[in-house]
Amino acid sequence: MSYYSRKLPTQLIEITMSSAQTASQGDFVLFDTLRATGTHGVTINGATGEIGLDTTKQYSVRASMHVERSNSTSSYTFAWHDSGGTLITTADGGYDARFEDGIYSNSTYVAVYQNLNPVSAIRLKATLLAASSTILTATKVIIVEVTP
Amino acid sequence: MSFGFNFPALFRAHNTTLQTGIGSGGPFNLQFSEGCEIIGGSRVNIQNNAYLYGDIKIDGSTGKNQSYDIAFDPTKLISTMISEAWQIASEINLTIMVGDDAVYNVAQDNVALTVRQISGSNPGNSSADQTRVFGLRVEVTP
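Keep in mind it's a predicted model, so treat the numbers as computed, not measured.

The rules we used
- Numbers given for residues are sequential positions, taken from 1 along each chain in its written order.
- Here chains are named by letter from A upward and ligands by number from 1 upward, in the order in which they appear as written.
- pLDDT decides what is reported in this predicted model: residues at 70 or higher carry local features, side-chain atom pairs at 80 or more are listed and counted, and totals for whole chains, interfaces and linings draw on all residues regardless.
- Here the side-chain values reflect all heavy atoms present in the structure, with hydrogen atoms and water set aside.
- To sort residues, take the accessible area from a 1.4 Å probe on protein chains only and compare it with the maximum for the residue type: under 20% means buried, over 50% means exposed, and anything in between is partly exposed.
- Runs of H or I in DSSP of at least four residues are treated as helices and runs of E of at least two as strands, each being numbered from the N terminus.
- Strand pairing requires that DSSP identify at least two bridges connecting the strands.
- Under this scheme, a helix contributes an axis fitted over its contacting stretch, all axes are lines through C-alpha atoms, and angles between N-to-C directions fall in the 0 to 180 degree range.
- Here Asp and Glu are counted as negative and Lys and Arg as positive; His is not counted, and neither are the chain ends.
- The working definition used for a salt bridge is a side-chain nitrogen of Lys or Arg within 4 Å of a carboxyl oxygen of Asp or Glu.

Draft legend 1. Just the pairing of strand β7 (residues 84–87) of chain B, in detail. All names here are of chain B. Burial of β7 is one-sided: the residues A85 and Q87 facing one way are buried, the residues E84 and W86 facing the other way are not. As defined by bridge partners, strand β6 (residues 67–77) adjoins β7 across four bridges and the pair is classed as antiparallel. Looking at the pairing, A71 lines up with E84 of β7.

Now the structure itself:
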């Protein structure tokens, strides 16, 4: 693999929720607020939770989860899915945030999507979550967008 | 001083098989990479400078030690700063979950995610279910 020095246009994008969301297993996280440093290719759909990406760019997407569990002994998992609802595997750059309640496990609190050839849209889905839990507004997505 | 990004700017690596018997000082193994090369089964070849982010998830098998102090082990540090993160068992009685227990660093050349300390009565017997290394390759121009 070769590397070479080149100044690449880069933007930072922050995506958040304007209000807390009551959610259960199978629900998508509904982000509705976007701030960015400049012109970029990211869009959001607050009704579906879809985060649109420009497939000609490269992305590092990190979602830091803040969750209030309805059951204090429950576990949760949030995983990235594409626009068709298919789970994005680690081979394709999707890494889940998984809190595993128990004395023999630790957790990953940040869900990451990173791919040099990104899909056109991603959604963050609660694949494991106690019914009527709350996704708090402190949940944030930070995106680094690089134009290659 | 100005900053730019070398191409490819983004890279990542992770394990694809469960790693057992992780002892103090040992590296976390990596098998899959994009935008970088893996050296010796555990080191990510940055080539130059990079901002790094790493995380692990320990297998939850009963009786295995699960608390690790992890850090990057770069061949060169850009500064003397190095961050560590304790990966602690998750069982708590609170309902509100917050926190990011990942490890961050800025380094040069190549780097591995390693164990600095182990806490518990059964060290060396835990298994790494997930090891994740992400990076942003940075050029620094004085």
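Draft legend 2. Quick peek at the sheet that holds strand β1 (residues 10–16) of chain A. What the six strands build is an open sheet, ordered β3-β1-β14-β6-β11-β9 (chain A); its pairing is antiparallel. Edge positions in the open sheet fall to β3 (33–36) and β9 (94–95) of chain A, since each of these has one partner strand only.

Draft legend 3. Region of interest: the sheet that holds strand β4 (residues 43–45) of chain A. Residue and element names in this part refer to chain A. Spatially, β4-β5-β12-β8-β10 is the arrangement adopted by the five strands of the open sheet, whose pairing is antiparallel. Across the chains shown, the open sheet's two edge strands, defined by having one partner strand only, are β4 and β10 (97–99). In this sheet, adjacent strand axes meet at a mean angle of 25 degrees when their direction is disregarded. Here strand β5 (residues 50–52) runs beside strand β12 (residues 121–128); their pairing, made up of two bridges, is antiparallel. The partner of G52 across the bridge, within β12, is A121.

Draft legend 4. Main features of the side chain of D69(B). Tracing the backbone through its elements, the reader meets D69(B) in strand β6. No salt bridge forms around the buried D69(B); measuring N to O, its nearest opposite-charge neighbour R116(B) is 4.5 Å away.

Draft legend 5. Seen up close, unusual backbone geometry. A positive phi angle is found at S132(A), which is not glycine, with a value near 60 degrees. Here S132(A) lies in the loop between β12 and β13 (133–135). The residue D109(B) is not glycine, and still its phi comes out positive at about 65 degrees.

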